[in-house]
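Working through the structure, step by step
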Amino acid sequence: MNLRAKYITKHELIGLECEIVAATDPTLVGLRGVVVDETRNMLTLEIEGKRKKVAKAIATFRFRVGNRLVEVEGKTLVARPEDRIKR
Amino acid sequence: MRKRNLKLERRIARERIEILMQLAREVFRNDPALAKRYVELARKIAMRYNVRFPRKWKRFFCKACGSFLVPGVNMRVRCTKQRVVITCLECGHVKRIPYIREKKAMKNEAKLKGEEKV
């Protein structure tokens, strides 16, 4: 999955383990879950059985891709999932 | 406008469709609505980047209602002499698939056998 790590901004986020490493909202920092859905501005994470929607623009995410961890600023992910492949 | 790398986009599109359909199958037991959402996303991506669905996933969603189909649960599969009939139990849409590849394979086999005898 080397392609996926390098092109994380274009690739599928759904199904990846995700941790919020920084956010304007301190209650979000440190949350860890799996991405289950995505819209233009939000990621839906499933955290300990509960679904939580997080705005992309306000946070920095760390995704686990294969055995690598990739940190991404949420701002670069703002786009509809089908549009992200293009940008 | 930056030059778009079509090859890369298509490759990623194909991978994402595969990933999404695989996920759809996994989540279906717990959340069929989510599986339907993944099918919807996969189809959008396929349409946007003009990429065909992988053959192994082609028959597992309903083109009419977009549900992810699982034989026995929301899908009825019947084999007649001429074709395979797939019925979506969610919306009632029926898909009929004639045996094209299988017939070709049979033809080729017969041809090979014929040549051997001669």
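Keep in mind the model is a prediction, meaning the values are calculated, not measured.

Conventions and cut-offs
Residues numbered from 1 in each chain as written. Chains lettered and ligands numbered in written order. Predicted model: local features only at pLDDT ≥ 70, side-chain atom pairs only at ≥ 80, totals over all residues. Heavy atoms only, no water. Contact = heavy atoms within 4.5 Å. Buried area = accessible area lost by both parts, 1.4 Å probe. Salt bridge = Lys/Arg side-chain N within 4 Å of Asp/Glu carboxyl O. Polar contact = N/O pair within 3.5 Å; in protein donor to acceptor, adjacent residues only side chain to side chain. Helix = DSSP H or I, 4+ residues; strand = E, 2+ residues; numbered from the N terminus. Nonpolar A, V, L, I, M, F, W, Y, C, P; charged D, E, K, R; others polar. Patch = residues over 30% accessible without salt bridge, like charges linked within 9 Å, V, L, I, M, F, W, Y side chains within 5 Å. Areas by Shrake-Rupley, 256 points an atom, 1.4 Å probe, with all protein chains shown as cover. Lys, Arg positive; Asp, Glu negative; His and termini not counted. Charge placed at Lys NZ, Arg CZ, Asp CG, Glu CD. Buried < 20%, exposed > 50% of the residue type's maximum accessible area, 1.4 Å probe, protein only. Phe/Tyr/Trp six-rings, centres within 6.5 Å; stacked < 30°, edge-to-face > 60°. pLDDT = per-residue confidence, 0-100.

Section: the interface of chain A and chain B
- The interface of chain A with chain B comprises 19 residues on the first partner and 20 residues on the second.
- Carbon and sulfur atoms make up 59% of the area that chain A and chain B hide from each other, which totals about 1,900 Å².
- Taken as a group, E82, I85 and K86 of chain A account for 33% of the area that chain A buries against chain B, more than any other trio of residues on that side.
- Run the count over chain A and chain B and you get five salt bridges.
- Across the salt bridge formed by E12 of chain A and R16 of chain B, the nearest N and O atoms sit 2.9 Å from each other.
- Linking chain A with chain B are eleven residue pairs in polar contact (both at pLDDT 80 or more).
- Elements with a contribution of two residues or more to the side of chain A that touches chain B: helix 1 (2-6) and strand 2 (32-38) of chain A.
- If you tally residues by element for the side of chain A that touches chain B, the top one is strand 2 of chain A, at three residues.
- A per-class count over the side of chain A that touches chain B returns six nonpolar, two polar and eleven charged.

A closer look at a positive patch on the surface
Residue and element names in this part refer to chain B.
- A contiguous patch of positive charge on the surface is contributed by R52, R55, K58, R59, K63, R101, K103, K104 and K107.
- Structurally, K103 is set in helix 3 (residues 100-117).
- Among the residues examined, K103 registers a relative accessible area of 58% and is labelled exposed.

Some words on the packing of aromatic side chains
- Evaluation of the coordinates by the stated rule reveals three aromatic pairs over all chains.
- For the ring pair F61 of chain A and F63 of chain A, a centre distance of 6.0 Å and an interplane angle of 25° mean the geometry is stacked. With respect to class, F61 of chain A is no different from F63 of chain A; both count as buried.
- Here the aromatic rings of F53 of chain B and F61 of chain B are separated by 4.9 Å at their centres, their planes lie at 45°, and the arrangement is tilted.
- Relative accessible area serves as the criterion here: at 12%, F53 of chain B is assigned to the buried category.
- The exposure class of F61 of chain B is buried, given its relative accessible area of 5%.

Thoughts on the side chain of R4 of chain A
- With respect to the element layout, R4 of chain A can be found in helix 1.
- In contact with R4 of chain A, not counting residues within four places along its chain, are H11, E12, I14, L16 and V65 of chain A together with I19 of chain B.

Let's talk about the confidence of the model for chain B
Residue and element names in this part refer to chain B.
- When pLDDT is averaged across chain B, the result is 92; 96% of the residues are at 70 or more.
- Averaged pLDDT values for the elements of chain B fall to 85 in helix 3 and rise to 96 in helix 2 (residues 32-48).
- Across the predicted assembly, pTM comes out at 0.88 and ipTM at 0.90.

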